[in-house]
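Here are the chains, one letter per residue:
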Amino acid sequence: MGILIFVLVVLVVLVLLELKTSRSDATLIAPLHPYRKLMLYIMPAKYESLVLFDEVVRAEALLEYLERAKERFHADVTHCVVGAVAYGMHQNPSMNRFEKGRRLYQRKKVWLTFSMKRKKLNRKAKLSAVKKEMPPGESFKSMCDRINETIQVERSDAVTYQDKELGLLSRIPRPILEVGVKLLKALDYYNLLPAGFIENDAMFTSMFIANLGSVHMAAGYHHLYEWGTCPLFVMVGALEERPMVEDGQVVIRKVLPLRFTYDERIEDGHNAGYGIKSVVTALENPFEYLGCLAEDGSDDHPLGPQTPPVAAAPE
């Protein structure tokens, strides 16, 4: 009799877990097209469903924008890529999705994570992952100010959330750590992870951005982490000169290489192309899409096309 009661309790718990579809960070997308629903089962892992895109950004206007922007606020290529991706995400919300528990979810907010050196210009310095919310309607300068404030904390002697988390994990014996990670993944699978854990973990994010150009490296193609809910990764390479054809003539242009990795379970390649195009367009037209360089000194225009646009640098 006792065994029967135990089995019934287990069955009830499993049914209740299966029925729980709500999450603190996203809403369930339902109903799904049968084809997309099937994809969640025939490709249950991110490494089975990743797609790679290679893009280049013509960088002359971007470099001129950064030269003029430094008179008003600190910004570099990483800031610009983060701003362009934030714009692209808000313009293409179908890219702000993720798979969890064989279900597809629409993220409630846009969160972006980017990597940085804990100590600038120090080859032995550890990398840190910085995660920031990108609210709609924010200006590029405001976004840069928030990022710079966080970077100052990360590069100080202050003990960050990530420091505490990694410090704790490093002291846990391997068998316990292995069980603990599996438990956390199970809780995430059944939508039971606390909201605070999700918000503070850098891998529960809309996209991860790694600027290898900041350490003078070319961009590679990055994998997607099975941990967390990050379905998109972009690697930024060092600025380089490339031959390009314009009006039938070969010319040398400075370009910024971008290499995207995305989980095709969240959306088809056609819409992914629109999302990537939005990012490239914003980077190639920074005076219009990033703004904050108006002649009247105003810097509160939200990311996106400005009307009228700020005058770009002369050809």
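Quick summary incoming for the structure in this document. (Residues numbered from 1 in each chain as written. Predicted model: local features only at pLDDT ≥ 70, side-chain atom pairs only at ≥ 80, totals over all residues. Heavy atoms only, no water.)

1. Quick look at helix 5 (residues 77-91)
Counting along an α-helix, one turn takes 3.6 residues, and residues three or four places apart therefore face a common direction. Quick note on the threshold: Working definition: helices are DSSP H or I runs of at least four residues, strands are E runs of at least two. Numbering for both runs from the N terminus. To estimate the expected span of a helix, subtract one from its residue number and multiply by 1.5 Å. Pairing of N or O atoms within 3.5 Å defines a polar contact, subject to two protein rules: one partner must be a possible hydrogen donor and the other a possible acceptor, and residues neighboring in sequence count only if both atoms are side-chain atoms.
Taking 1.5 Å as the rise per residue, helix 5 with 15 residues should run 21 Å; its terminal C-alpha atoms sit 21 Å apart, in good agreement. The opening residue of helix 5 is Asp76, an N-cap whose side-chain oxygen sits 3.0 Å from the backbone nitrogen of Thr78.

2. Things to note about the pairing of strand 9 (residues 240-246)
Using the following cut-off: DSSP bridges decide pairing: two strands pair if at least two such bridges lie between them.
Sheet analysis places strand 9 next to strand 10 (residues 249-263), joined by seven bridges and oriented antiparallel. Within strand 10, the position partnered with Glu240 by the bridge is Val255. Hairpin connection, strand 9 to strand 10: the antiparallel pair is bridged by two residues, and Asp247 has positive phi, about 55°.

3. Considerations on the packing of helix 5 against helix 10 (residues 269-284)
The condition that has to hold: Axes here refer to lines fitted to C-alpha atoms; in helices the fit is confined to the stretch in contact. Angles between the N-to-C directions go from 0 to 180 degrees. Any angle between 65 and 115 degrees counts as roughly perpendicular, while under 35 counts as roughly parallel, over 145 as roughly antiparallel, and the rest as oblique. Should the near helix be turned anticlockwise from the far one by less than a right angle, the crossing is termed left-handed; should it be turned clockwise, right-handed. Note on definitions: a residue-residue contact is assigned when non-hydrogen atoms from the two residues lie within 4.5 Å. Charged residues are taken to be Asp, Glu, Lys and Arg, nonpolar residues to be Ala, Val, Leu, Ile, Met, Phe, Trp, Tyr, Cys and Pro, and polar residues to be all remaining types, Gly included.
The geometry of helix 5 relative to helix 10 is characterised by a closest axis approach of 8 Å and an angle of 135° between their N-to-C directions. Taken together, the axes of helix 5 and helix 10 are oblique relative to one another. Helix 5 and helix 10 meet at a crossing whose hand is right-handed. Along its contact with helix 5, which presents Cys80, Val81, Ala84, Val85, Tyr87, Gly88 and Gln91, the element helix 10 presents Ser278, Val279, Ala282 and Leu283. For the contact of helix 5 with helix 10, the class distribution of residues is eight nonpolar, three polar and no charged.

4. Observations regarding helix 2 (residues 34-42)
Selection rule: Exposure classes here rest on a 1.4 Å probe applied to the protein chains alone. A residue is buried below 20% of its type maximum, exposed above 50%, and partly exposed in between. This arc is taken over the directions from the axis of the helix to the C-beta atoms.
Among all positions of helix 2, only Arg36, Met39 and Leu40 are buried. Taken down its axis, helix 2 places every buried residue within 100° of arc, on the same side. Turned more than 90 degrees off the buried face of helix 2, the exposed positions are Pro34, Tyr35 and Ile42.

5. As for the pattern of salt bridges
The following threshold applies: Definition used for salt bridges: Asp or Glu carboxyl oxygen within 4 Å of a side-chain nitrogen of Lys or Arg.
All chains considered together, the criterion is met by 17 salt bridges. The salt bridge involving Asp188 is made with Lys100; its shortest N-O contact spans 3.1 Å. Of this pair, Asp188 sits in helix 8 (residues 174-189) while Lys100 sits in strand 3 (residues 97-100); the two residues are 88 residues apart in sequence, bridging distant segments of the chain. Judged by its relative accessible area of 3%, Asp188 is buried. Residue classification places Lys100 among the buried residues on the basis of a relative accessible area of 11%. The residue Arg265 makes a salt bridge to Asp263 at a minimum N-O spacing of 2.8 Å. For the pair shown, Arg265 and Asp263 are each scored as buried. Residues joined by salt bridges that share partners form a network here, namely Arg23, Asp25, Lys100 and Asp188.

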